[in-house]
Amino acid sequence: MAENVVESDGITLCTESFGDPSDPPVLLVMGLGASMLWWEEGFCRMLAEGGRFVIRYDHRDTGRSVTYEPGRPGYTGADLVGDSARVLDAYGIPAAHVVGVSAGGALAQLLALHYADRVLSLVLISTSCAVPGDGELPPPTEEFMRFVSDAHVDRSAGDSAIAYQVAYARMLAGGRRPFDEAAARSLVRRDVERAHDFSAARNHDSLPDGELSPAPLSSIAVPTLVIHGTADPMFPLRHGAALAEQIPDGRLLALEDTGHGVERADWPTIVPAILEHTAAGNARQVGPSES
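Nothing here was measured: the structure is a model prediction, and the numbers come from that model.

Student: Before we go on, may I ask you to explain the nonpolar core in this structure?
Tutor: Side chains of nonpolar character tend, in soluble globular proteins, to be buried together. Among the nonpolar cores identified, the biggest contains 42 residues, and Leu27, Val98, Val119, Leu122, Leu217, Ile220 and Leu243 are the most heavily contacted of them. Elements with a minimum of two residues in this core: strand S2 (11–18), strand S3 (25–29), strand S4 (53–57), helix H2 (77–90), strand S5 (96–101), helix H3 (103–114), strand S6 (119–125) and helix H7 (237–246). It is H3 that provides the largest number of residues to this core, a total of six residues. Ignoring sequence-local partners within four residues, the contact set of leucine 243 consists of Gln109, Leu124, Thr127, Ser128, Cys129, Leu217 and Val226.

Structure representation (structure tokens):
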């Protein structure tokens with residue numbers, strides 16, 4: 001499908017859809033600093049072939065969406081939550097099943113809390129609680145923290161940015177499976193070359209929260225599937241378990257030896273789980289692979 005640049009409230013967002021618009025809609029929300037390319041086309045097509053109308057989009061300051069001067073974004077995290085609703089509006093969709101990964105999972109939670117009528121169900125992948133809950137959660141692994149503190153990157157320089165992003169992807173993969181460096185490098189290169197200004201993505205690192213009233217996760221009233229890898233170095237598994245416990249209709253699907261993100265090796269597990277979770281009249285069922 002061709003990319004579709006939509007405009008709402010003066011904000012331009014680059015989107016792309018897959019499948020039949022008459023099928024149940026699934027909105028994919030990527031993590032911060034990452035464009036919609038990280039929802040890989042093959043993954044989107046698998047969902048569409050399962051009878052879903054799939055929409056992915058670039059956040060502000062990623063890909064071909066509106067770009068701001070690095071260090072001066074002029075928007076908040078709350079605005080990114082609102083952008084999900086803007087994308088649905090652009091497609092004439094009153095409500096959708098929302099799938100978020102990493103910080104995109106936090107945005108999806110906030111969408112369900114503050115735009116409840118726009119969300120049919122949630123799938124939260126490799127993420128943590130968007131609002132404070134009960135109990136402490138474990139920090140990232142020492143290896144992850146060491147990488148983040150030691151890594152240096154010039155996002156304005158293509159080769160430096162690509163080398164860093166590939167190394168970061170390797171770290172996020174968790175280290176328990178072979179890492180496909182060639183595939184990661186190809187994806188990162190396309191991401192860097194496609195962006196209006198790849199260095200602008202660093203704006204996501206320092207966004208203020210914005211004005212969203214506090215609400216507990218127990219307020220989320222839609223069926224929620226939490227998918228989390230046992231080798232996630234950013235958010236150890238306990239983060240996913242806490243989400244499933246605190247959301248009233250939450251269920252956890254743990255992926256053995258999986259790191260952080262939507263890895264190709266897990267598509268045969270993740271896609272059927274999403275299709276079953278988002279099936280009309282059957283959103284509360286996860287299937288035998290649930291743990």
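So that's the structure; there's more coming.
Student: Hey, could you run me through the pairing of strand S7 (residues 224–229) in this one?
Tutor: Where a strand is regular, its side chains alternate between the two sheet faces. With six of six residues buried, S7 is to be regarded as a mostly interior element. Burial of S7 is two-sided: the residues Thr224, Val226 and His228 facing one way and the residues Leu225, Ile227 and Gly229 facing the other way are all buried. As paired strands, S6 and S7 are joined by four bridges and run parallel to one another. Paired with leucine 124 across the two strands is valine 226, which belongs to S7. Pairing of S7 with strand S8 (residues 250–255) involves six bridges; the strand directions are parallel. What sits directly across from leucine 225, in S8, is arginine 251. With H7 bridging S7 and the parallel S8, this β-α-β connection has right-handed handedness.

Student: Would you mind going over the packing of aromatic side chains with me for this structure?
Tutor: Aromatic ring pairs are reported here in terms of the distance separating the ring centres and the angle at which the planes meet. Enumeration according to the criterion identifies eight aromatic pairs in this entry. With 5.9 Å between their ring centres and 55° between their planes, phenylalanine 43 and tryptophan 267 make a pair best called tilted. Of this pair, phenylalanine 43 sits in helix H1 (residues 41–49) while tryptophan 267 is found in helix H8 (residues 267–277), placing the two residues 224 residues apart along the sequence. A relative accessible area of 1% places phenylalanine 43 in the buried class. By relative accessible area, tryptophan 267 is classed as buried at 11%. One aromatic cluster in this structure is built from Phe144, Phe147, Tyr164 and Tyr168.

Student: What exactly am I supposed to notice about the side chain of glutamate 40 here?
Tutor: Summarising the element assignment, glutamate 40 is placed in the loop between S3 and H1. Not counting chain neighbours up to four residues away, the residues in contact with glutamate 40 comprise Arg56, Leu187, Arg264 and Trp267.

Conventions used here
- Residues numbered from 1 in each chain as written.
- Predicted model: local features only at pLDDT ≥ 70, side-chain atom pairs only at ≥ 80, totals over all residues.
- Heavy atoms only, no water.
- Core = buried A, V, L, I, M, F, W, Y, C linked by side-chain atoms within 4.5 Å.
- Buried < 20%, exposed > 50% of the residue type's maximum accessible area, 1.4 Å probe, protein only.
- Helix = DSSP H or I, 4+ residues; strand = E, 2+ residues; numbered from the N terminus.
- Contact = heavy atoms within 4.5 Å.
- Pairing = 2+ DSSP bridges.
- Right-handed = clockwise from strand over helix to strand, strands pointing away.
- Phe/Tyr/Trp six-rings, centres within 6.5 Å; stacked < 30°, edge-to-face > 60°.

So, to be careful, I would describe these as geometric facts and stop short of saying anything about function.
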